[in-house]
Each structure stands twice: as structure tokens, then as C-alpha cells.
Amino acid sequence: MTYQIGYFVGSLSSTSINRTLSKALVALAPRDMEFTELPIRDLPLYSPDYDAEYPPEAQALKDALAACDAVLFVTPEYNRSIPGALKNAIDWASRPWGQNSFDHMPAAVIGASIGSIGTAVAQQSLRGVLSFCNARQMTAPEAYIHLRPGAIADSGEVSDDGLAQILTDFMQEFRTHTERVFTVLPRST
């Protein structure tokens with residue numbers, strides 16, 4: 001079986017170090033995982049006024065998530081929390097009430113910063129949101145990446161062997177977690 005993995009990059013910046021991290025994660029993942037970035041840039045701000053008729057960008061996000069077996073969140077930390085664009089995407093995907101795209105979906109959280117706490121507070125905030133959304137979160141290993149300049153090339157190639165091993169192990173554990181969730185909670189077709 002090949003697992004279809006959707007991933008969010010929490011930053012809208014084209015030069016985001018978390019976008020670079022996502023490229024490394026995709027490259028180091030087990031070969032039976034296929035990845036699709038879930039775009040968040042063009043989503044309007046969520047409002048319940050749209051629940052009866054989702055705009056095309058939001059419907060495309062829900063459709064993309066429906067095609068995923070699991071979801072990976074790669075997020076920076078903004079003001080000790082997750083970026084507003086990522087929270088907005090989660091709000092769209094989890095609504096309207098009763099149509100939560102994250103319900104029972106395997107999920108993993110990781111992030112990088114140039115600071116030493118490596119998005120730890122943002123990840124904690126995100127985990128609280130995902131708990132409410134009933135996502136089946138991988139709780140370990142946690143990965144708060146202090147990304148030093150040059151450790152990951154723009155292409156995603158990791159030059160730091162220790163970091164490469166951490167990321168490889170994280171992605172292998174995510175694959176195992178996804179398989180375990182499906183063993184207990186098979187996805188309906």
C-alpha cells in the first residue's frame with residue numbers, strides 16, 4: 001500500500017525555512033509515502049457565513065484532504081503560536097459542523113526555527129487545535145528543529161548527518177503511526 005500524505009507548510013513565505021524543511025522530509029520519507037502540499041495561500045478568512053456554500057478554494061482544500069490518508073504539519077512559530085494562515089486553513093477544513101476533514105486522520109507535527117526552541121510553543125498550540133479536531137496525532141518523537149544556516153539546501157538536501165537521521169527517523173515513525181491508526185480505525189471508502 002502507498003500512503004497519500006497531505007502536508008501543510010504553515011508559512012506563506014516563499015523563502016520559509018519550514019518550506020525547505022518540508023522538502024527534506026519528503027525526500028527522506030519511506031518510499032511508500034506520496035506527498036501533496038495542501039495550499040493555504042488563497043483561502044479567504046473563514047466565516048460560518050460560508051458553511052452553506054464553500055468558496056472554490058476552500059472546497060478544493062476539503063477535496064484534497066479527502067484524498068489523503070494522513071496529514072503532516074510543518075509550521076513556524078509566530079508570536080508563540082501558529083501562523084494565522086495555518087489556523088484559517090484548519091478552520092476551513094474542520095467545518096461546517098459535522099464535516100471535519102481531520103476526524104480520525106493520522107497527523108504529525110514538526111517545525112523549524114532559527115532559534116533554539118525550534119517552534120516548540122507553536123507545536124503545542126497546534127496540538128491543542130488538532131485534539132479538538134479529533135486528529136490522531138503522533139505524540140512521539142517530538143521534533144523541534146533548530147535549523148542552522150546551510151543544514152538543508154533549498155532543494156531539500158540535508159548536509160548535516162545528525163539532522164538527516166532525526167528527520168529520517170521522524171518520517172519512519174510517522175509512517176508507522178499512520179499504519180497503526182488504520183489498523184484500529186480503517187478509513188471508510
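Everything below is about the structure shown above.
This write-up is about the structure you can find in this document. Keep in mind that this is a model prediction, so the values were computed, not measured.

**Comments concerning unusual backbone geometry**
And step 1. Here Arg95 and Pro96 are connected by a cis peptide whose omega angle stands at -10°.
And step 2. In this structure, Pro96 sits in the loop between helix H3 (84-93) and strand S4 (106-113).
And step 3. Cis geometry is adopted by the peptide bond preceding Pro141, which originates at Ala140 and carries an omega value of 0°.
And step 4. If you trace the backbone, Pro141 turns up in the loop between strand S5 (136-137) and strand S6 (144-146).
And step 5. Phi angles above zero are rare outside glycine, and Asn79 is one such case at about 50°.
And step 6. Note that Asn79 resides in the loop between strand S3 (70-74) and H3.
And step 7. Of note, the phi angle at Asn134 is positive, near 65°, even though the residue is not glycine.
And step 8. Note on Asn134: relative accessible area 25%, which makes it partly exposed.

**Points about the nonpolar core**
Note on soluble globular proteins: their nonpolar side chains tend to be buried together.
And step 1. By size, the foremost hydrophobic cluster in this structure holds 30 residues, and its most contacted members are Leu72, Ile110 and Leu167.
And step 2. For this core, the elements supplying multiple residues, two or more each, are strand S1 (3-9), helix H1 (17-28), strand S2 (33-37), S3, S4 and helix H5 (161-184).
And step 3. Considering each element in turn, this core owes the most residues, seven residues, to H5.
And step 4. Not counting the four nearest positions on each side in its chain, Leu167 is found in contact with Leu21, Ala24, Leu25, Leu28, Ile110, Ile145, Ile152 and Val158.
And step 5. In terms of nonpolar packing, the next biggest core, distinct from the first, is built from 28 residues, Leu86, Ile90, Trp92 and Val109 among them.

**A short note on the pattern of salt bridges**
And step 1. The tally for this structure, following the rule as stated, stands at six salt bridges.
And step 2. Between Glu37 and Arg19 there is a salt bridge whose closest N-O contact spans 2.8 Å. In this pair, Glu37 sits in strand S2 while Arg19 sits in helix H1, placing the two residues 18 residues apart along the sequence.
And step 3. When salt bridges with common partners are traced through the structure, they connect Asp32, Arg175 and Glu179 into a single cluster.

**Here we look at the packing of aromatic side chains**
And step 1. Scanning the entire structure with this criterion turns up eight aromatic pairs.
And step 2. Measuring from ring centre to ring centre gives 5.1 Å for Phe8 and Phe73, while their planes differ by 15°; the resulting arrangement is stacked. Residue Phe8 is found in strand S1, and its partner Phe73 is found in strand S3; the two are separated by 65 residues along the sequence. We note that Phe8, like Phe73, is buried.
And step 3. Considering the side-chain rings of Tyr50 and Trp92, the 5.3 Å spacing of their centres and the 45° angle between planes classify their relative orientation as tilted. Taken as a pair, Tyr50 in the loop between S2 and helix H2 (56-66) and Trp92 in helix H3 lie far apart in primary sequence, 42 residues in all.
And step 4. Judged by its relative accessible area of 33%, Tyr50 falls in the partly exposed class.
And step 5. Feature note: the residues Tyr46, Tyr50, Tyr54 and Trp92 constitute an aromatic cluster, connected by ring pairs.

Parameters and conventions
Residues numbered from 1 in each chain as written. Predicted model: local features only at pLDDT ≥ 70, side-chain atom pairs only at ≥ 80, totals over all residues. Heavy atoms only, no water. Helix = DSSP H or I, 4+ residues; strand = E, 2+ residues; numbered from the N terminus. Buried < 20%, exposed > 50% of the residue type's maximum accessible area, 1.4 Å probe, protein only. Core = buried A, V, L, I, M, F, W, Y, C linked by side-chain atoms within 4.5 Å. Contact = heavy atoms within 4.5 Å. Salt bridge = Lys/Arg side-chain N within 4 Å of Asp/Glu carboxyl O. Phe/Tyr/Trp six-rings, centres within 6.5 Å; stacked < 30°, edge-to-face > 60°.

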